[in-house]
Amino acid sequence: MKRDFIHVDDLTPDEIHQVLDLAREVKTKFKRREIFQPFANQSLAMIFAKPSARTRISFETGFTRMGGHAIYLSPQDIEIGKREAVKDVARVISRYNDLIMARLFAHAHIRELAAHATVPVINALTDYNHPCQIMADIFTVQEARSHLDNLKIVYVGDGNNIVHSWLRLAARLPLHFVCACPPAYAPEAATLELAREAGLSTIEIIHDPMAAVQDADVVYTDVWASMGQKHEMEERKKHFQGFQVDTRMMDAARAGALFMHCLPAMRGLEVSDEVMESPASIVFTQAENRMHVQNAIMLFLTGQG
Ligand code: CP
Ligand code: NVA
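Residues numbered from 1 in each chain as written. Chains lettered and ligands numbered in written order. Predicted model: local features only at pLDDT ≥ 70, side-chain atom pairs only at ≥ 80, totals over all residues. Heavy atoms only, no water.

## Let's talk about the packing of helix α1 (residues 13–31) against helix α5 (residues 131–145)
Part 1 of the reasoning: Between α1 and α5, the least distance of the axes is 11 Å, while the angle of their chain directions is 70°. Considered as vectors, α1 and α5 are oriented roughly perpendicular to each other. The hand of the α1/α5 crossing is right-handed. For the pair formed by α1 and α5, the contact residues are I16, V19, L20, A23, R24 and K27 on the first element and M135, I138, F139, Q142 and E143 on the second. (Axes fitted to C-alpha atoms, helices over the stretch in contact; angles between N-to-C directions. Helix = DSSP H or I, 4+ residues; strand = E, 2+ residues; numbered from the N terminus. Parallel < 35°, antiparallel > 145°, perpendicular 65-115°, else oblique. Left-handed = near helix turned anticlockwise from the far one by under 90°. Contact = heavy atoms within 4.5 Å.)

Printed below as a string of structure tokens:
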């Protein structure tokens, strides 16, 4: 049976560690510029209904360097669900390509795509979640601290797709995960429930960011208005006053705490310029690791991991 990667908890804890170990191996090969072409004569269809820098570049570069051909399909190309039914796109692309990666608005569409495709489907972000990002994030934390024990991650900002992915990861790996958000911008209740019911992690949703970051090993943030919500920005800015990750907030975290952001960042809103440029900031390593972890995910899904 083919495997897809739609949610981070589609993987068991052992499989998550397997992918992280594989990502470490693949990263070493890439850094040494070894010839490594497991995807020779294969192709990856990359469907984008939303803009992207990191996701497009990292998937295309990674797959190409692993010997394959990656095809970028822009929001104007397929118009999935509009020009053509999702289930038809799924079956057509499966006849041409060995893997599908898609960034879509509706989460129901990525599920439908996976249900009807006969090749593995990778979720490259929906309104609901961003599992490739969270795998790269936890890989980056492991690399920086050399272990994942007693890890307190404090996310400050909007309870969005990134938070849903952290919550789902917390259902698979033991974490202390805190989301500090304005009351009206909390993550989805059902996902919170799923994470708590797994009984592995400590999960808190609180509304005071300065209190939240106490003892944090990692302070994480993301934009206050995600793709598809940009028109709400002015209204959101009012609710997010006091939620900027600035030097004062980083100083309230554990000594040596790391700063992370999935990027793109809006400097001066959710994060100060100073924090982005500080030694605590590992955002560019985090961005680089997207490629290595996604390479490992593609190898794993195609039975080469
Ligand atoms: N973090 C991330 O997914 O970036 P892009 O939107 O640029 O792909
Ligand atoms: N929450 C952001 C993440 C971008 C990578 C968005 O969905 O726009």
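From this point on, the discussion continues.
## Regarding the site of ligand 1
Part 1 of the reasoning: S52, A53, R54, T55, R103, H130, Q133, C262, L263 and R290 make up every residue found near ligand 1.
Part 2 of the reasoning: Contact between ligand 1 and R290: an oxygen atom at 3.0 Å from a side-chain N or O atom of the residue.
Part 3 of the reasoning: Surface burial for ligand 1 is 95%, taken as the share of its 250 Å² of free accessible area covered by protein chains.
Part 4 of the reasoning: The residue makeup of the shell around ligand 1, split by class, is 3 nonpolar, 4 polar and 3 charged. (Near = heavy atom within 4 Å. Polar contact = N/O pair within 3.5 Å; in protein donor to acceptor, adjacent residues only side chain to side chain. Areas by Shrake-Rupley, 256 points an atom, 1.4 Å probe, with all protein chains shown as cover. Nonpolar A, V, L, I, M, F, W, Y, C, P; charged D, E, K, R; others polar.)

## Thoughts on the sheet that holds strand β3 (residues 99–103)
Part 1 of the reasoning: With respect to topology, 4 strands assemble into an open sheet ordered β2-β1-β3-β4, the strand pairing being parallel. Every other strand in the sheet has two partners, leaving β2 (69–73) and β4 (121–123) as the edge strands with one partner each. Taken pair by pair, the neighbouring strands of this sheet meet at an average axis angle of 20°, ignoring direction.
Part 2 of the reasoning: Contacts from helix α2 (residues 54–65) reach β1 (43–48), β2, β3 and β4 within the one sheet, and its direction differs from that of β1 by about 175°. (Pairing = 2+ DSSP bridges.)

## A word on the sheet that holds strand β9 (residues 258–261)
Part 1 of the reasoning: The strand order across the open sheet formed by 5 strands is β7-β6-β5-β8-β9, and the pairing between neighbours is parallel. Across the chains shown, the open sheet's two edge strands, defined by having one partner strand only, are β7 (202–206) and β9. Adjacent strand axes in the sheet meet at a mean angle of 20°, parallel and antiparallel pairs treated alike.
Part 2 of the reasoning: By the bridge criterion, 4 bridges tie strand β5 (residues 152–156) to strand β8 (residues 218–221) in an arrangement that is parallel.

## Thoughts on the environment of H17
Part 1 of the reasoning: Inspection of the secondary structure puts H17 in helix α1.
Part 2 of the reasoning: When the C-alpha positions of H17 and L173 are compared, they lie 9.6 Å apart, and in sequence the two are 156 residues distant.

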